[in-house]
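An overview of the molecular structure
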Amino acid sequence: MQDIVVPMVDLRAEYERFRNPIDAAIRRVVERTAFILGPEVEAFEEEFAAFCGANYGIGVASGTAALFLALAALDIGPGDEVITPPFTFFATAATVAHRGARPVFVDIDEATYNLNPELVEAAITPRTRAIVAVHLFGHPAEMDALQEIARRHGLWLIEDAAQAHGARYRGKRVGTLGDVACFSFYPAKNLGAYGDAGMVVTDDPKLADRLQRLRNHGQRKRYDHVELGYAERMDGIQAAVLRAKLPYLEERNRARRERAARYHRGLKGLNVRLPYEAPHVEHVYHCYTIRVTHRDAVQAQLRERGIATAVHYPKPLHLQQAFTYLGYSPGTFPVAERVSQEVLSLPMYPELSEAQQEYVISALADALRAQ
Ligand SMILES: *Cc1c(COP(=O)(O)O)cnc(C)c1O
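None of these values were measured; they are calculated from a predicted model. (Residues numbered from 1 in each chain as written. Predicted model: local features only at pLDDT ≥ 70, side-chain atom pairs only at ≥ 80, totals over all residues. Heavy atoms only, no water.)

Considering the overall build of the chain
A tally of helices and strands in the chain yields 12 helices and 14 strands. Relative to the 2.2 N^0.38 estimate, which gives 21 Å for 371 residues, the radius of gyration of the chain is 21 Å and therefore close to what a compact globule would have. The dimensions of the chain, computed from C-alpha atoms along their principal axes, are 65 × 55 × 35 Å. Buried residues in the chain amount to 56% of all 371 residues. Considering only intrachain contacts with a sequence separation of at least 6, the fraction spanning at least 24 residues in the chain is 71%. As displayed, the chain has an accessible area near 15800 Å², and 49% of this comes from carbon and sulfur atoms. Within the chain, the 46 negative side-chain charges are centred at a point lying 1 Å from the centre of the 43 positive side-chain charges. (Helix = DSSP H or I, 4+ residues; strand = E, 2+ residues; numbered from the N terminus. Rg over C-alpha atoms; globule rule 2.2 N^0.38 Å. Buried < 20%, exposed > 50% of the residue type's maximum accessible area, 1.4 Å probe, protein only. Contact = heavy atoms within 4.5 Å. Areas by Shrake-Rupley, 256 points an atom, 1.4 Å probe, with all protein chains shown as cover. Lys, Arg positive; Asp, Glu negative; His and termini not counted. Charge placed at Lys NZ, Arg CZ, Asp CG, Glu CD.)

A word on the pairing of strand 9 (residues 198–202)
The buried count for strand 9 comes to 5 of 5 residues, which makes it a mostly enclosed element. Along strand 9, one buried face is formed by Gly198, Val200 and Thr202 and the opposite face, lined by Met199 and Val201, is buried too. As judged from the 5 bridges shared by strand 1 (residues 56–60) and strand 9, these two strands associate in the antiparallel manner. Residue pairing in the sheet places Tyr56 in a bridge with Thr202 of strand 9. Both strand 8 (residues 180–184) and strand 9 contribute to a ladder of 5 bridges, which runs antiparallel. When the sheet's bridge partners are listed, Ser184 is paired in strand 9 with Gly198. (Pairing = 2+ DSSP bridges.)

Overview of the environment of Glu31
Tracing the chain through its elements places Glu31 in helix 1 (residues 11–32). Distance from Glu31 to Leu344, taken between C-alpha atoms, is 44 Å for residues 313 residues apart in sequence.

Here we look at the site of the ligand
Around the ligand there are 15 residues in total, and Gly63, Thr64, Gln163, Ser184 and Lys189 lie nearest to it. Between the ligand and the protein, one listed contact pairs an oxygen atom with a side-chain N or O atom of Ser184 at 2.6 Å. Alone, the ligand offers 390 Å² of accessible surface; in the complex the protein occludes 92% of this. The pocket occupied by the ligand, as judged from atoms lying within 2 Å of grid points, is the largest pocket. Counting residues per element, the ones that place at least two in the shell around the ligand are helix 3 (63–73) and helix 4 (91–98). (Near = heavy atom within 4 Å. Polar contact = N/O pair within 3.5 Å; in protein donor to acceptor, adjacent residues only side chain to side chain. 1 Å grid on protein atoms, 1.4 Å probe; cavity = no way out; pocket = protein on both sides within 12 Å on 5 of 7 lines; lining within 4 Å. Sits in = over half its atoms within 2 Å of the grid points.)

Side note on helix 4
In an α-helix, one full turn covers 3.6 residues, which means residues spaced three or four apart are oriented alike. Of all 8 residues making up helix 4, 6 are buried, and the element is well covered by its neighbours. Among all positions of helix 4, only Ala91, Thr92, Ala93, Ala94, Thr95 and Val96 are buried. Elements in contact with the buried residues of helix 4: helix 3, strand 2 (81–84), strand 3 (102–105), strand 4 (128–134) and strand 5 (156–160). Looking one or two residues past helix 4, Gly100 carries a phi angle of roughly 90°, positive in sign.

As for the side chain of Ser62
Its location among the elements puts Ser62 in the loop between strand 1 and helix 3. A polar contact of 3.3 Å, which involves the side chain of Ser62, links it to the backbone nitrogen of Thr64. Not counting residues within four places of it along the chain, the set of residues in contact with Ser62 comprises Phe183, Asp196, Ala197 and Gly198.

Some remarks on the layout of surface pockets
The calculated volume of the largest pocket comes to roughly 590 Å³. Along the wall of the largest pocket there are 31 residues; nearest its centre are Gln163, Tyr186, Lys189, His286 and Tyr313. Sorting the residues of the lining of the largest pocket by element identifies helix 3, helix 4 and strand 8 as the ones contributing at least two each. Volume-wise, the second largest pocket comes out at about 300 Å³. Every residue lining the second largest pocket is listed: Ile36, Leu37, Gln212, Asn216, His217, Gln219, Arg220, Lys221, Arg222, Tyr223, His225 and Arg233. Looking at which element gives the most residues to the lining of the second largest pocket, the answer is strand 10 (residues 219–221), with 3 residues. Partitioned by chemical class, the residues of the lining of the second largest pocket number 3 nonpolar, 5 polar and 4 charged. (Points joined across faces, edges and corners; volume = space filled by probe spheres on them. Nonpolar A, V, L, I, M, F, W, Y, C, P; charged D, E, K, R; others polar.)

This is how it looks when you write it as structure tokens:
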């Protein structure tokens, strides 16, 4: 089989470009031996919260930890229900279940692939405590409508912003659009660490305080444990690497948007559905995800030409074996189910060259002609 000539992401190319600041950042942490929490984490918490326009950032071990701890800090647990979309990464709903609460799925909007606010209200019961809105692929969820529903029913609104660092909704950055927001710095995300890392962002000082305790064994200060907490802290090395990369995040999101525009121009005449960007948002294209019939055949043909692609996500969460106990059957969420059959994410990263994109576009045109 042909070698990959266009990968999905290219973290090596990113490292080549930022080698000096990244190496210096890692060395700084090793010299100080501040490996868990510490000054680099505190500095990055301040810098990333400021980037979002929020008051507090709490550095944690992963995006999954951020979601879990946000739910814990809001005292969501057994007997509670939390509304989430079924078309997202597993962690969005798994963390709800790990709290002992029940994920209640609501179908997505066919244009943005985000939670459809028009369907949310019908899923609310006296047990509902929160809505987790995912900004999928980098396109912000419809937050005004969700906020209005949350306020009217007394629910918390949590952002899963793991794929949307820097994206804007009506001019405001994600991370400031609900009560609390959760970010992942998994290496391939728009802002990626050199290992696992995540952050919870909020404007609420009480919530920030609680999150700082919960991530570190419920400690108020060393060996003074005021409640049961967890070991979900951010590493110093991850914070230092993220600090080295944060100043370039906007520029790199712009590069993603330019590459998305190039795909748009090149793919316009083909029989595929292109990503949608609502007029009041700024998409950051964590994924450039098209829809195509005969998806698996098209994907195989692109692979034969050395082009990597990915399917985000092939099976909606309500049909995952891990969630059979929730009792959902096929057909319950028709949009999520249809979309999961057709989505195909094309290579997308800031270093993707024009020549590489032209190659992807012509190979895709050939693959479609062959169907
Ligand atoms: C990546 C991701 C997460 C989980 O983040 P990790 O850092 O991998 O734990 C959660 N939700 C969404 C939508 C994600 O894309």
